[in-house]
Amino acid sequence: MIPYSACKICGSPKILIERSFLKDGKRKSMCQCQICDFAFDIEDNRRAFYGDEYFDGYVADEKARQMRIDEAHWLVENTNNLSGKTYMEVGPGVGHFMEGLQEKAPDIVLNAVEIATRAAESCHKLGAKVIQHDWEGLPYSALVPFYEACDLVVSIHCVEHMDEPLLALRKMAWLLKPGGMLYIHTPNNDNAKDPDWFHYHVEHIALFGECSLRAAFDLINVKVTCIRKLYGDDLIVIGNKRP
């Protein structure tokens, strides 16, 4: 039984269970909206996965580090000057993307919200001002200094972990100056054809494809300006906050 009466993104009641299967010994039941294609795991077995071991695995991955640095370099090279701009990253991990930004724009002003202690400390060492908290539980009052103050808000492989992804994205947009850029990188659910899909991790509960993420951007008053599809299964949507 689906415990929701409507899609978490577009609000359509046309949702159904697309597939149900075991993954790493845990049940995943993916329900999908028939209008915007947003998919959500109604089992939500992710909590047991979050802890030091989860984040340590990411820290040790040199390949992931270089991928994020290259991605950051692409953004700087394809964006107007980021020097001196105010930056916020939601869920930066140990800060690989910020590391790449600093290499190309050394005076960018770094800020981050990160849940894990070790990762937050790593970001702080890069010079970032870090709020250690989970994004969904962080009250708007804690973000007032950043209201309409950020030129760029980035979240990479984070929104797929969230209970209410539209609300999470809306909070990100709240930080942007008019015309500021929102950069979201997430697994591309358009490629989820069977239970063996790589990104069907137990902790990935909110999965977007191009249509559903475009719809979400429109609902938070951000105009999509660029779509990138990387590594075969990743989706990046970039947009600017409307005045």
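Counting restarts for each chain: residues are numbered from 1 in the order of the written sequence. Reporting in this predicted model follows two pLDDT cut-offs: at least 70 for local features of residues, and 80 or more for side-chain atom pairs to be given and counted; totals over whole chains, interfaces and linings ignore these cut-offs and use all residues. Note: side-chain values were computed over all heavy atoms of the structure, leaving out hydrogens and water.

1. Quick word on the overall build of the chain
(1) Moving on: To qualify as a helix, a DSSP run of H or I must reach at least 4 residues; to qualify as a strand, a run of E must reach at least 2; elements of each kind are numbered from the N terminus. The helix and strand inventory of the chain stands at six helices and eleven strands.
(2) Moving on: In terms of overall dimensions, the chain is globule-like: its C-alpha atoms have a radius of gyration of 17 Å, near the 18 Å expected for 243 residues.
(3) Moving on: Taken along the three principal axes of its C-alpha coordinates, the chain extends 50 × 40 × 35 Å.
(4) Moving on: A simple rule labels every residue: compare its accessible area, found with a 1.4 Å probe on the protein chains alone, to the largest value its type can have, and call it buried under 20%, exposed over 50%, or partly exposed in between. Taken over 243 residues, the chain has a buried fraction of 51%.
(5) Moving on: Note on definitions: a residue-residue contact is assigned when non-hydrogen atoms from the two residues lie within 4.5 Å. Contacts in the chain between residues at least 24 apart in sequence constitute 62% of all its contacts with a sequence separation of at least 6.
(6) Moving on: A 1.4 Å probe and the Shrake-Rupley method give the accessible areas. Residues count as covered only by the protein chains that appear here. Surface summary for the chain: the accessible area is close to 11000 Å², and the carbon and sulfur share equals 51%.
(7) Moving on: Across the chain, the 27 positively charged side chains and the 35 negatively charged ones have centroids separated by 5 Å. Between the two quantities, the radius of gyration covers C-alpha atoms and the globule rule is 2.2 Å times the number of residues to the power 0.38. As used throughout, the charge tally considers Lys and Arg to be positive and Asp and Glu to be negative, leaving His and the chain termini uncounted. Where a charge lies is defined by one atom per residue type: Lys uses NZ, Arg uses CZ, Asp uses CG and Glu uses CD.

2. Re the sheet that holds strand 3 (residues 39-41)
(1) Moving on: Taking strand neighbours across the sheet as the criterion, the four strands line up as 1-2-3-9 in an open arrangement whose pairing is antiparallel. At either end of the open sheet lies a strand with only one pairing partner, and these are strand 1 (15-23) and strand 9 (206-207). Any two strands with at least two DSSP-identified bridges between them are counted as paired.

3. Overview of the nonpolar core
(1) Moving on: Working definition of a nonpolar core: buried Ala, Val, Leu, Ile, Met, Phe, Trp, Tyr and Cys residues. They are joined through side-chain atoms within 4.5 Å. Within the largest apolar cluster, 42 residues are counted, with the highest numbers of intra-cluster contacts made by Trp135, Leu169, Met172, Leu182 and Leu213.
(2) Moving on: Secondary structure elements with two or more residues in this core: strand 2 (26-33), strand 4 (86-90), strand 7 (150-156), helix 5 (165-175), strand 8 (176-187), helix 6 (210-219), strand 10 (222-230) and strand 11 (234-241).
(3) Moving on: In terms of residue count, helix 5 provides more of this core than any other element does, six residues in total.
(4) Moving on: Once you skip the residues sitting within four places of it in the chain, Leu213 turns out to touch Leu169, Ile184, Thr186, Phe208, Leu235 and Val237.
(5) Moving on: Ala128, Val154, Ile156 and Met181 belong to the second-largest nonpolar core, a separate cluster that totals 22 residues.

4. So, the layout of surface pockets
(1) Moving on: Using a 1 Å grid laid over the protein atoms alone, points where a 1.4 Å probe fits but cannot get out form a cavity; open sets with protein on both sides within 12 Å along at least 5 of 7 lines form a pocket; any residue with an atom within 4 Å of a point counts as lining. Grid points are joined across faces, edges and corners, and a volume is the space filled by probe spheres set on the points. Put simply, the second largest pocket is a space of about 300 Å³.
(2) Moving on: When contributions to the lining of the second largest pocket are tallied by element, the ones reaching two or more residues are helix 2 (62-77), strand 7, strand 8 and strand 11.
(3) Moving on: With three residues, strand 8 is the single largest residue contributor to the lining of the second largest pocket.
(4) Moving on: Ten residues, namely Ala, Val, Leu, Ile, Met, Phe, Trp, Tyr, Cys and Pro, are considered nonpolar, four, namely Asp, Glu, Lys and Arg, are considered charged, and the remaining ones, Gly among them, are considered polar. Its residues assigned to classes, the lining of the second largest pocket shows seven nonpolar, seven polar and two charged.

5. Concerning the pairing of strand 11
(1) Moving on: The buried count for strand 11 comes to seven of eight residues, which makes it a mostly enclosed element.
(2) Moving on: The sheet contact formed by strand 8 and strand 11 spans seven bridges and is antiparallel. Within strand 11, the position partnered with His185 by the bridge is Ile236.
(3) Moving on: In this structure, strand 10 lies alongside strand 11, joined through eight bridges in antiparallel fashion. Directly across from Ile227, in strand 11, lies its bridge partner Val237.
(4) Moving on: Between strand 10 and strand 11, which pair antiparallel and follow one another directly, the connecting turn spans three residues, one of which, Tyr231, has a positive phi of 55°.

6. A closer look at the environment of Gln132
(1) Moving on: Mapped onto the elements, Gln132 comes out in strand 6 (residues 129-132).
(2) Moving on: Each C-alpha atom, one on Gln132 and one on Ala116, is 7.1 Å from the other, the two residues being 16 residues apart in sequence.
(3) Moving on: Excluding anything up to four places from it in sequence, Gln132 contacts Glu114, Ile115, Ala116, Thr117 and Ala120.
(4) Moving on: By the criterion applied in these results, polar contacts are pairs of N or O atoms within 3.5 Å in which, for protein atoms, one can donate a hydrogen and the other can accept it, and in which residues neighboring in sequence qualify only through two side-chain atoms. Polar contacts involving the side chain of Gln132 include one to the side chain of Thr117, which spans 2.7 Å.

7. Points about helix 4 (residues 117-125)
(1) Moving on: When we look at burial in helix 4, the residues that qualify are Ala119, Ala120 and Cys123. Burial along helix 4 is one-sided: seen end-on, the buried residues are contained in an arc of 100°. Those residues of helix 4 that are exposed and angled more than 90 degrees off the buried face are His124 and Lys125.
(2) Moving on: Its buried side turned inward, helix 4 meets helix 3 (96-104), strand 5 (109-114) and strand 6.
(3) Moving on: Two residues or fewer after helix 4 comes Gly127, characterised by a positive phi angle close to 100°. To obtain the arc, one takes the directions from the helix axis to the C-beta atoms.

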